[in-house]
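A structural walkthrough
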Number of protein chains: 2
Amino acid sequence: MNPIENISQQFAAHKYKLTRQREAIVQVLLDNEKEHLSVEEVYMLVKNSYPHLGLATVYRTLELLSELHIVEKMNFGDGVARYDLRDDTHAHMHHHMICHVCGRLEEIKDDWLLDLEKRLEREYGFTVTDHRLDFKGTYGTCKHTGCKRDKEKKAV
Amino acid sequence: MNPIENISQQFAAHKYKLTRQREAIVQVLLDNEKEHLSVEEVYMLVKNSYPHLGLATVYRTLELLSELHIVEKMNFGDGVARYDLRDDTHAHMHHHMICHVCGRLEEIKDDWLLDLEKRLEREYGFTVTDHRLDFKGTYGTCKHTGCKRDKEKKAV
DNA sequence: GCTCATATCGTAACGATTACTATTTAAGGG
DNA sequence: CCCTTAAATAGTAATCGTTACGATATGAGC
Ligand SMILES: [Mn+2]
Ligand SMILES: [Mn+2]
Ligand SMILES: [Zn+2]
Ligand SMILES: [Zn+2]
């Protein structure tokens, strides 16, 4: 099943309408799945396919997608919320590697935490339903070279 | 060496003055190390020991403590930044367990990610300098009981 | 005590998000 | 079809956490 069809069904299952506005927004997310777009960025991009769409609708739709667990609302410390498509083949959120030299952000889709989740259950009686794991560091290729971005964005 | 003395030295090493205001703020953090206080909460608490202290000073001081890696600025999705004391005996940030039934938040001070860090180095040439790991789930004691807090705070 | 960089204070400005009101859309029933 | 009604959108005002600013205070070194 293609992604948009899948999402359409999730909308229907929760009695939400997949309006043209919502579909345009979802399409922007699918077309930019490697990015971690902010509301403003989605707003700018969706204008190409739906010029008249309002900013408030982007806010409301992304909130809705978050509620349906289609996207994850994340905060990377730059002052805006960013929305990350979840993979429907994995129960838990994927992991991130963030290079603080060049700013590159890569994803690890496999769940590397399954052993630790068992350990939490054993040692604390804590059942994991989701998680967030971000690694901060540097890529070997970045260590000694002047990378594109050089900490231009101050954490907020 | 007691904590306040230790922090005092870090200030000195970076040519920052440990003013009475800053010391009062640090003391609030030390006295509430189990909490994850917001700026506003620190502001209210510090008024007990230093009634005239200004809000802007709290903002600036917490930012400074973050820069010195004495605290970690975190966002748990409730709309405010929260500040978490780092343990100077561990190089990397500690982990969290967050119960979405009762809202309880506990810490795991040991670094459970050392093996995964080696794997990142091997497989991606990525050297980890820090990380953030939050587990979301439920404690066994919370599963079937009506806990104190019941999702009263909506994620933001 | 004088100088000057550093820090504080109170508040205005900023900007992301939310809340609100009017308007539009579309599903369901006659 | 048309009517009713709930859901969704648009545009914008209000909110609120945070940052920036100008004036004042502090205190280390001379
Ligand atoms: Mn991602
Ligand atoms: Mn903590
Ligand atoms: Zn997992
Ligand atoms: Zn680690």
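Quick caveat, the model's predicted, so the values are computed rather than measured.

Reading the values: rules and limits
Residues numbered from 1 in each chain as written. Chains lettered and ligands numbered in written order. Predicted model: local features only at pLDDT ≥ 70, side-chain atom pairs only at ≥ 80, totals over all residues. Heavy atoms only, no water. Near = heavy atom within 4 Å. Polar contact = N/O pair within 3.5 Å; in protein donor to acceptor, adjacent residues only side chain to side chain. Helix = DSSP H or I, 4+ residues; strand = E, 2+ residues; numbered from the N terminus. Nonpolar A, V, L, I, M, F, W, Y, C, P; charged D, E, K, R; others polar. Buried < 20%, exposed > 50% of the residue type's maximum accessible area, 1.4 Å probe, protein only. Contact = heavy atoms within 4.5 Å. Domains from an automatic or database assignment. Buried area = accessible area lost by both parts, 1.4 Å probe. Salt bridge = Lys/Arg side-chain N within 4 Å of Asp/Glu carboxyl O. Pairing = 2+ DSSP bridges. Axes fitted to C-alpha atoms, helices over the stretch in contact; angles between N-to-C directions.

**Focus: the protein's contact with DNA strand D**
- DNA strand D sits among 18 residues. The nearest are T19(A), Q21(A), T57(A), Y59(B) and A81(B).
- The sugar-phosphate backbone supplies 74% of the atoms of DNA strand D found within 4 Å of the protein.
- The separation between a phosphate oxygen of DNA strand D and a polar main-chain atom of K17(A) is 3.4 Å.
- Elements supplying a minimum of two residues to the surface near DNA strand D: α2 (20-31) and α4 (55-67) of chain A together with α4 (55-67) of chain B.

**Describing the protein's contact with DNA strand C**
- Within the structure, DNA strand C sits among 17 residues, and Y59(A), A81(A), T19(B), Q21(B) and T57(B) are positioned closest to it.
- Taking all atoms of DNA strand C within 4 Å of the protein, the share assigned to sugar and phosphate is 70%.
- Measuring from a phosphate oxygen of DNA strand C, one finds a side-chain N or O atom of Y59(A) at 2.9 Å.
- Within the residue set of the surface near DNA strand C, elements represented by two or more residues are α4 of chain A together with α2 (20-31) and α4 of chain B.
- At three residues, the largest contribution of residues to the surface near DNA strand C is made by α4(B).
- Considered class by class, the residues forming the surface near DNA strand C number eight nonpolar, six polar and three charged.

**Observations concerning the side chain of S66(A)**
Residue and element names in this part refer to chain A.
- Mapped onto the elements, S66 comes out in helix α4.
- For S66, a relative accessible area of 19% translates into the label buried.
- Other than its neighbours up to four places away in sequence, S66 contacts V71 and K73.

**Here's the deal with the domain arrangement of chain A**
Residues and elements named next belong to chain A.
- Domain annotation of chain A identifies domain 1 (1-89) and domain 2 (91-156).
- If you average the C-alpha positions of domain 1 and of domain 2, the two centres end up 23 Å apart.
- Tallying the contact residues gives 13 residues for domain 1 and 15 residues for domain 2.
- Across the domain 1/domain 2 interface, buried area totals approximately 1100 Å², and carbon plus sulfur atoms make up 50% of it.
- For the domain 1 face of the interface with domain 2, the top three residues by lost area are M74, F76 and R86, together amounting to 38%.
- There are one salt bridge connecting domain 1 and domain 2.
- In this structure, the salt-bridge partner of R86 is D130, at a minimum N-O distance of 2.9 Å.
- Scanning the region where domain 1 abuts domain 2 turns up seven residue pairs in polar contact (both at pLDDT 80 or more).
- Elements with a contribution of two residues or more to the side of domain 1 that touches domain 2: β2 (71-75) and β3 (81-85).
- In terms of residue count, β2 provides more of the side of domain 1 that touches domain 2 than any other element does, three residues in total.

**Some remarks on the sheet that holds strand β6 (residues 126-139) of chain A**
- Taken in spatial order, the six strands make up an open sheet running β5(A)-β4(A)-β6(A)-β6(B)-β4(B)-β5(B), and their pairing is mixed. Because the sheet does not close on itself, it has two edges, and the strands there are β5 (105-108) of chain A together with β5 (105-108) of chain B. The mean inter-strand angle of the sheet, taken between neighbouring strand axes irrespective of direction, is 20 degrees.
- Of the strand pairs in this sheet, strand β4 (residues 95-99) of chain B and strand β6 (residues 126-139) of chain B are connected by four bridges, and their pairing is parallel.

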